[in-house]
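# Descriptive analysis of the structure
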Amino acid sequence: MLDRLGEFLIVGGPVVWVLLLMSIAAVSIIVLKLWQFVTLKPEYQGNLEEVFSLWRRGENQTALERLDETVFIANVAGFAMQSLNEGAWDEEVLKEELDRIAILKLNDLRSLLPALETIGTLSPLLGLLGTVLGMINAFQAMEAAGTQVDPSVLSGGIWQALITTALGLGVAIPALIAHSWMVQKLQRVATQFNDCVTQLFTSYHFENRPK
């Protein structure tokens, strides 16, 4: 099996080596990001609904005490609730600060995803490049053979050339699937951030409306 793998790498040329390195990088990124998502559980809500219910009833201090620190969004919610309670921030400035904190947290989750997207985009192109180079070599071999052309030379060259296309697609497809899934997950987390801040501000204004 190792001999066949070595032959495969030799036949495919430098493009196969590049694609192999890209596949290793893609797998490493996917495993790392999955571990990050499993560890942080950014979509985990915990007891946020209970906390928001207490906040809406005006039990602000109790809501703060019940806030679950293991929830990914907890520090944003806690900072917003504490700031609104104290009234030390101008609301527009507070919203900008909350946006800044949320962006920093989302950027931490988004790290390495551009690299994964790049791998998924470039892999098929590199595979196609390898195929084109392989076809050029095959036709050069045919030209060198002159009138003594052996059809197996051409078919063997085409087979070797198509290896890189298959490998490029094999790297790109799982990389792009994983990237799309993670981007959708981040979009849901961003929506949760926005919903959390909106609920807190709306409830705060409702509780403090003129009687």
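Residues numbered from 1 in each chain as written. Predicted model: local features only at pLDDT ≥ 70, side-chain atom pairs only at ≥ 80, totals over all residues. Heavy atoms only, no water.

Quick look at the packing of helix H5 (residues 74–86) against helix H6 (residues 91–110) now. Where H5 contacts H6, the axes come no closer than 10 Å and their chain directions differ by 165°. When the axes of H5 and H6 are compared, the pair comes out roughly antiparallel. Classified by chirality, the crossing of H6 by H5 is right-handed. On H6, the residues touching Asn75, Val76, Phe79, Ala80, Ser83 and Leu84 of H5 are Leu94, Glu97, Leu98, Ile101 and Lys105. Residue classes in the contact of H5 with H6 are distributed as 7 nonpolar, 2 polar and 2 charged. (Axes fitted to C-alpha atoms, helices over the stretch in contact; angles between N-to-C directions. Helix = DSSP H or I, 4+ residues; strand = E, 2+ residues; numbered from the N terminus. Parallel < 35°, antiparallel > 145°, perpendicular 65-115°, else oblique. Left-handed = near helix turned anticlockwise from the far one by under 90°. Contact = heavy atoms within 4.5 Å. Nonpolar A, V, L, I, M, F, W, Y, C, P; charged D, E, K, R; others polar.)

Between helix H2 (residues 14–40) and H6, the shortest axis-to-axis distance is 10 Å and the interhelical angle comes to 140°. One element, H2, and the other, H6, form an angle in the oblique class. Each of Lys33, Gln36, Phe37 and Leu40 in H2 lies in contact with H6, whose residues at this interface are Asp108, Leu109 and Arg110.

Quick look at the environment of Leu176 now. Note on placement: Leu176 falls in helix H8 (residues 151–207). Accessibility expressed as a relative area gives 38% for Leu176, which makes it partly exposed. The residues contacting Leu176, other than those within four sequence positions of it, are Glu117, Gly120 and Thr121. (Buried < 20%, exposed > 50% of the residue type's maximum accessible area, 1.4 Å probe, protein only.)

On to unusual backbone geometry. Residue Lys41 is not a glycine yet carries a positive backbone phi of 45°. When you line up the elements, Lys41 lands in the loop between H2 and helix H3 (48–56).

Counted according to the given criterion, the structure contains 2 aromatic pairs. Here the aromatic rings of Phe37 and Trp181 are separated by 6.1 Å at their centres, their planes lie at 85°, and the arrangement is edge-to-face. Of this pair, Phe37 sits in helix H2 while Trp181 sits in helix H8, and the two are 144 residues apart along the sequence. The class of Phe37 is buried, set by a relative accessible area of 5%. We note Lys33 situated over the ring of Phe37; from NZ or CZ to the ring centre the distance is 5.9 Å. Directly above the ring of Phe72 sits Lys105, whose terminal nitrogen or CZ lies 4.1 Å from the centroid. (Phe/Tyr/Trp six-rings, centres within 6.5 Å; stacked < 30°, edge-to-face > 60°. Lys NZ or Arg CZ within 6 Å of the ring centre and 35° of its normal.)

Bringing the nonpolar core into the picture now. Trp55, Met81, Leu84, Leu98, Leu116, Phe193 and Leu200 are the most contacted members of the largest nonpolar core, which totals 45 residues. At the level of secondary structure, the elements contributing two or more residues to this core comprise H2, H3, helix H4 (60–66), H5, H6, helix H7 (113–145) and H8. With sequence-adjacent residues up to four places away left out, Phe193 is seen in contact with Phe72, Ile73, Val76, Ala102, Lys105 and Leu106. (Core = buried A, V, L, I, M, F, W, Y, C linked by side-chain atoms within 4.5 Å.)

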